[in-house]
Amino acid sequence: MSIQLKNVHFEYEDNLLFHNIDFTFKENTIYTLLGPSGTGKSTLLDLLKKSSEPTNGVIQYQHLSVTDIVTVFQKNQLFPWSTVSDTLELPLKITKYPVSKRTNKIMALAEELSLEDLLSRKIPMLSGGQVQRVAIGQGLAMQPKVLLLDEPTSSLDQEAKEEIQEILLKEQKKRGHMMIVVTHDIEEAVYLGQEILLLKDQQLQLFHNPTTHLHDRRNDVAFYQFCIEMRKQVRT
Amino acid sequence: MNQYRSSFFRSLSLGILSYLGVWYLIYFVSQNHAIPDPLVTISNMWTTKEVLFLHTSASTLRILAALFFSIIVGVPTGILLSTYPQLDRIISPLLYFLYPLPKVALLPVLMLFWGLGDFSKILLLFSIIVLQMIVLVRDGANRIPKNYQKTMTNFHASTWQRIYYLMLPAVFPHILVSLRTSIGIALASLFFAENYATQYGLGYLILSSWTKMDYVEMFSGIFCIALLGFLFFQVIDFLERFSYRS
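A few points on the structure.

Parameters and conventions
Residues numbered from 1 in each chain as written. Chains lettered and ligands numbered in written order. Predicted model: local features only at pLDDT ≥ 70, side-chain atom pairs only at ≥ 80, totals over all residues. Heavy atoms only, no water. Phe/Tyr/Trp six-rings, centres within 6.5 Å; stacked < 30°, edge-to-face > 60°. Lys NZ or Arg CZ within 6 Å of the ring centre and 35° of its normal. Contact = heavy atoms within 4.5 Å. Buried area = accessible area lost by both parts, 1.4 Å probe. Salt bridge = Lys/Arg side-chain N within 4 Å of Asp/Glu carboxyl O. Polar contact = N/O pair within 3.5 Å; in protein donor to acceptor, adjacent residues only side chain to side chain. Helix = DSSP H or I, 4+ residues; strand = E, 2+ residues; numbered from the N terminus. Buried < 20%, exposed > 50% of the residue type's maximum accessible area, 1.4 Å probe, protein only. Patch = residues over 30% accessible without salt bridge, like charges linked within 9 Å, V, L, I, M, F, W, Y side chains within 5 Å. Areas by Shrake-Rupley, 256 points an atom, 1.4 Å probe, with all protein chains shown as cover.

The next subject is the packing of aromatic side chains. Under the definition given, this model contains 18 aromatic pairs over all chains. Both rings, one in Phe113 of chain B and one in Trp114 of chain B, keep their centres 5.9 Å apart while their planes meet at 45°; by these two values the pair is tilted. Over the aromatic face of Tyr191 of chain A sits the side chain of Arg217 of chain A, whose NZ or CZ is 4.4 Å from the ring centroid. For the cation-ring pair, Lys49 of chain B lies above Trp46 of chain B, with the distance from its terminal atom to the ring centre recorded as 4.1 Å.

With that settled, the discussion passes to the interface of chain A and chain B. Each partner contributes to the interface: chain A provides 22 residues, whereas chain B provides 16 residues. Roughly 1,800 Å² of surface becomes buried between chain A and chain B when both sides are summed, with 67% attributable to carbon and sulfur atoms. Taken together, the connections running from chain A to chain B amount to zero salt bridges. Linking chain A to chain B there are four residue pairs in polar contact (both at pLDDT 80 or more). Those elements that provide at least two residues to the side of chain A that touches chain B are β5 (69–72) and α2 (84–94) of chain A.

With that out of the way, let us pick up the side chain of Ser208 of chain B. All names here are of chain B. Checked against the element boundaries, Ser208 lands in helix α9 (residues 202–211). The exposure class assigned to Ser208 is buried, which follows from its relative accessible area of 16%. Within the structure, Ser208 has its side chain in polar contact with the backbone oxygen of Leu205 (distance 3.3 Å).

The next subject is a nonpolar patch on the surface. All names here are of chain B. On the surface, a cluster of nonpolar side chains totalling about 1,100 Å² of accessible area is made up of Leu94, Phe97, Leu98, Leu101, Leu106, Val109, Leu112, Phe113, Trp114 and Phe119. Elements with a contribution of two residues or more to the nonpolar patch: α4 (85–98) and α5 (107–114). At four residues, α5 tops the list of elements feeding residues into the nonpolar patch. Of note, Phe113 is situated in helix α5. For Phe113, a relative accessible area of 62% corresponds to the exposed category.

Spelled out as structure tokens, the structure:
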């Protein structure tokens, strides 16, 4: 399973965002996408999701259809009239998941994301971190082969941010889906990404993350050294 | 549920007591035979309760029928106009033209086309409620955040799924707002609608007792209309519990 970008060129209102990009996203890998504002990080997700089409070039999907790709948005994607349980059930209803298995599925997701006690609570009554956990649960309910996340922790405090990052790593390890995370937070990009992509000057640059094998990365100097190196790459 | 029931009865008693209080004050100050003694009127209401029940039922059924058809027509039309802005640009000028028109002025025309029976009366009430509902539902649907639409696209929802899971719950508060404002106008219009070719209805009761100068009966009818309005508002308040506030 892979997504292959071949000579992808994209312009929007006379703005050139991608110039002949060639890149292959491989299965069971976490990619984080960094880049200065306005370079088209979210646009790349739209292209991968087929929400928009490249001006030139093609995107090829191998052993994958567009319904296997699910996006978790930055914020405000959950309906305020729904409870947590209804929210997790929505994709199951839309995809006509068997009614008899829905409750078990919702309970399993709630357990994985520590949402068991919040199932009957309405969305506006949740904290930012809880909302994001529900949004991730809603995405996972679709059983995606590719999970796209657009700045999933941008509006969260440090504690909630780290909690979401741990959940994303745990779920990816368990399910083995491809995950592409857009973020402006370099530390997050290095913590989550096995491969770090830098979108700059209309091109994608790939950096392999050498710190993924470290045991306690948040307390390891090598992790922060790589963060500094990535920061230089983004800024130069 | 128990909490709602006790709140309903508290609200009902408070409403009736304050209504009677204001009425008694006007009766006491005016000392005019056109304003009857509230206690005499209440006692008359009890003795004529069967007749009052028939009049109130007739009016209630007409309003319920008008509400039903307004929802059936107004909600899909509002959603349709929001979904297809080109259609909205064509239809909206007509809506805005008809909206401020006093619909009771159309009653003779409605009677000419659809006769003197219940249908033309219900049609009049319908014409009052439905325009407001279309406009409010359309505006409500237009205000649905783009992110919610993106969520439905993300899950590859069909048009019907979008309508059922997103648009209907999102416009539900707007339906209630339109009902709240139009029920008052619809009740007021009963006077005109029930003035012709009927012997049942609160409008008929009030107008016929007015011409007979039977003010006790007239105020009994007015009290029933007030009670009916109160009950409709309570139902809307109850439904609002299932709604969300944006």
